[in-house]
Number of protein chains: 2
Amino acid sequence: MNDSGQSAGSSARSQRKDARRNQQTLLDAAAEVFVSSGVDAPVRDIAAKAGVGVGTIYRHFPTRADLVIAVYRHQVDACAEAGPALLASSPTPHAALGRWVDLFVDFLVTKHGLATALQGDSTCFGPLHTYFLDRLLPVCTELLEAAAASGEIRSDLDAYAFMRGIGNLCVGADSDPRYDARRLVALLVAGLRQPQ
Amino acid sequence: MNDSGQSAGSSARSQRKDARRNQQTLLDAAAEVFVSSGVDAPVRDIAAKAGVGVGTIYRHFPTRADLVIAVYRHQVDACAEAGPALLASSPTPHAALGRWVDLFVDFLVTKHGLATALQGDSTCFGPLHTYFLDRLLPVCTELLEAAAASGEIRSDLDAYAFMRGIGNLCVGADSDPRYDARRLVALLVAGLRQPQ
DNA sequence: GCACGATACGGAACACGGTTCCGTTTTACA
DNA sequence: TGTAAAACGGAACCGTGTTCCGTATCGTGC
């Protein structure tokens, strides 16, 4: 359940040694390139960095999005797992929600272009969108419902819409010093508070 | 000041008749295609619809973004002009702000893909971003300042960040029935209210 | 009415992105 | 060591925005 990050294809066993090595090389190269050039760096650049042909990338990761998912899987998982933990350790559900949102926003803002990719026209990054949703939506729902149950926030907001809103607010947060996504998300969360 | 929508190049005078005719044809075709296929429709489709070559598009509109600007210029202007009017006719500055934001959001959500284009990686749609900002930022600033002066909202939010936030929230609002941008923007504006 | 220069046109060609395909190389097993 | 399966590399393909240049059209001076 925590295999070191292949997104598709058979698990570690049943792969040739060189294939496994290349997969890891690719993940490392992709991570580096994503940091230096952003998540939307050309596939060819990643292949070059890893010293392999583009074909090799596509054999391991059927699509760009799958590569991105594989690179960030651990962090997404960490974010998902932080939800229940925060709920247990925070004074109120609303506090837990706030902290969890901070975690998520920090994650998105830190990776250049990730937020943008996350809602890119379904054509290319659809799988990415889907993965984030699968993993994080249940957690977010739980947090929202807990905060709603405790009467701290209004209960009429879809977790899906909420998450998309947060993701959207993070778009372009890097590469624009005048735009502080964290602040706007905080405002959004503030707007969620029950009138009384 | 209200010339029917050429974005660049000399004004109506000093153009050849066929050039002027083609420009109008292009604006009409683009408007149609934007409605049916979204703002990110291929340039070639627009050229085909207008019955001209792509070269003709680029002679009239140096870049895709300029064409988009030309098509929506009137509506952006209308939105800009509505600001002061609303401020004058609304019971409070905050009410005016709310109505103006509604106007802006409706505009963005209505045009498929406009919001996405608006914050697309500066490479391609930079001019579009710039035009919207030039035109609307002053208006938005005025509204925010008025509402802040009347003590209805906090005064520490940059109008630029606010506008970008709204624009971002509108990304993908079409093409996803589960995502209601208007609602999230309303939440954001609610979060702007002064604690007391 | 006609010729000719300026203006505008069309669309092939280019740059650049993701993705596919297939001949070649490497691996693993007998 | 021989061989079949697995994996590799990168040229080729498709769909974008944009540029370029030979050709057609306009409009003006005669």
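Refer to the structure above for everything that follows.
What you see as residue numbers is a count from 1 along each chain, following the sequence as written. Ligands are numbered from 1 and chains lettered from A, in the order in which they are written. The predicted origin of the model limits local features to residues at a pLDDT of at least 70 and limits the giving and counting of side-chain atom pairs to 80 or more, whereas totals for whole chains, interfaces and linings rest on all residues. Hydrogen atoms and water are omitted, and side-chain values are computed over all heavy atoms in the structure.

A few words on the side chain of arginine 64 of chain A. Within the fold, arginine 64 of chain A resides in helix α4 (residues 64-89). Here's how the labels work: a residue is buried when its accessible area is under 20% of the maximum for its type, exposed when over 50%, partly exposed in between, all with a 1.4 Å probe on protein chains only. The sign given to each residue is positive for Lys and Arg and negative for Asp and Glu; His and the chain ends receive no count. Every case where a carboxyl oxygen of Asp or Glu lies within 4 Å of a side-chain nitrogen of Lys or Arg is listed as a salt bridge. Aspartate 40 of chain A is the oppositely charged side chain nearest to the buried, salt-bridge-free arginine 64 of chain A, at an N-O distance of 5.9 Å. Where helices and strands are cited, they refer to DSSP runs of H or I of at least four residues and of E of at least two residues respectively, numbered from the N terminus.

Next up on the list: the packing of helix α1 (residues 17-37) of chain B against helix α4 (residues 64-89) of chain B. Residue and element names in this part refer to chain B. Geometry is summarised by axes, namely lines fitted to C-alpha atoms with helices restricted to the contacting stretch, and by angles between N-to-C directions that run from 0 to 180 degrees. One can describe the packing of α1 onto α4 by two numbers: an axis separation of 10 Å at closest approach and a directional angle of 90 degrees. Considering their axes alone, α1 and α4 lie roughly perpendicular with respect to each other. On α4, the residues touching Leu27, Ala30, Ala31 and Phe34 of α1 are Arg64, Leu67, Val68, Ala70, Val71 and Tyr72. In this classification, Asp, Glu, Lys and Arg are treated as charged, Ala, Val, Leu, Ile, Met, Phe, Trp, Tyr, Cys and Pro as nonpolar, and every other residue, Gly included, as polar. Split into classes, the residues belonging to the contact of α1 with α4 amount to 9 nonpolar, no polar and 1 charged. Angles below 35 degrees are treated as roughly parallel, those above 145 as roughly antiparallel, those between 65 and 115 as roughly perpendicular, and all remaining angles as oblique. Throughout, a contact is declared for two residues whenever any of their heavy atoms are within 4.5 Å.

We call a residue near a molecule or strand when any one of its heavy atoms sits within 4 Å of it. Not every one of the 25 residues close to DNA strand C is listed here, only the nearest: Arg44 and Thr63 of chain A together with Arg16, Asn22 and Thr56 of chain B. Of all DNA strand C atoms lying within 4 Å of any protein atom, the proportion belonging to sugar or phosphate reaches 60%. Polar contact criterion, stated in full: a pair of N or O atoms within 3.5 Å, where within protein one must be able to donate a hydrogen and the other to accept it, and residues adjacent in sequence count only if both atoms are side-chain atoms. Contact between DNA strand C and threonine 56 of chain B: a phosphate oxygen at 2.6 Å from a side-chain N or O atom of the residue. When contributions to the surface near DNA strand C are tallied by element, the ones reaching two or more residues are α1 (17-37), α2 (43-50) and α3 (54-60) of chain A together with α1 and α3 (54-60) of chain B. Of the residues belonging to the surface near DNA strand C, the class tally is 8 nonpolar, 8 polar and 9 charged.

Overlaying chain A with chain B gives an RMSD of 0.0 Å, the required rotation being 180 degrees about an axis along which the chain moves by 0.0 Å. The superposition operator between the copies reduces to a two-fold rotation axis. Taking the C-alpha atom as reference, chain A places glycine 191 of chain A closest to the rotation axis, 1.8 Å from it. A share of 100% of interface residues in chain A that are also interface residues in chain B marks the association as one of identical surfaces. Only residues with pLDDT of at least 70 in both copies contribute their C-alpha atoms to the least-squares superposition of the copies.

Bringing the environment of aspartate 77 of chain B into the picture now. All names here are of chain B. Turning to its location among the elements, aspartate 77 is positioned in helix α4. The exposure class of aspartate 77 is buried, given its relative accessible area of 16%. Placed 60 residues apart in sequence, aspartate 77 and leucine 137 show a C-alpha to C-alpha distance of 12 Å. Those residues in contact with aspartate 77, other than ones at most four positions away along the chain, are Tyr131 and Arg135.

Another aspect to go through is the interface of chain A and chain B. Taken together, the contact between chain A and chain B spans 27 residues of the former and 27 residues of the latter. Accessible surface is computed with a 1.4 Å probe, and the buried area is the amount of it that two parts give up when combined, taken over both parts together. Roughly 2,400 Å² is buried in total at the junction of chain A and chain B, and carbon and sulfur atoms are behind 57% of that figure. By the criterion of area lost to chain B, the three top residues of chain A are Arg178, Arg183 and Leu187 of chain A, representing 22% of everything that side buries. Put simply, arginine 164 of chain B and aspartate 176 of chain A hold a salt bridge, and the shortest N to O gap is 2.9 Å. Inspection of the chain A/chain B interface yields 13 residue pairs in polar contact (both at pLDDT 80 or more). Broken down by secondary-structure element, the contributors of at least two residues to the side of chain A that touches chain B are α8 (159-170) and α9 (181-191) of chain A. Sorting elements by how many residues they give to the side of chain A that touches chain B places α8 of chain A first, with 7 residues. Per-class residue counts for the side of chain A that touches chain B are 13 nonpolar, 5 polar and 9 charged.

In this section: the pattern of salt bridges. Scanning all chains against the criterion turns up 16 salt bridges over all chains. Here the salt bridges do not stand alone but share partners, grouping Asp77, Glu81 and Arg135 of chain A into one network.

For a helix, the expected span equals 1.5 Å multiplied by the residue count minus one. Look at α4 of chain A: 37 Å from first C-alpha to last across 26 residues, which is about the 38 Å you get at 1.5 Å a residue. Of all the bends found along α4 of chain A, the most pronounced is centred on tyrosine 72 of chain A and spans about 60 degrees. The reported bend at a residue is simply the angle between two axes, fitted to the 7 residues ending at it and to the 7 residues beginning with it.

Turning our attention to helix α5 (residues 93-110) of chain A. Counted at 1.5 Å a residue, the expected span for α5 of chain A with its 18 residues is 26 Å, and the 26 Å between its end C-alpha atoms agrees. Looking only at α5 of chain A, the buried set comprises His94, Ala96, Leu97, Trp100, Val101, Phe104, Val105, Phe107, Leu108 and Val109 of chain A.

All names here are of chain B. Our working definition of a disulfide is a cysteine sulfur pair at a distance within 2.5 Å. For the structure on display, the rule yields 0 disulfides over all chains. Looking at cysteine 79, it has no disulfide partner, and the nearest cysteine sulfur is the one in cysteine 140, 9.6 Å off. The exposure class assigned to cysteine 79 is buried, which follows from its relative accessible area of 5%.

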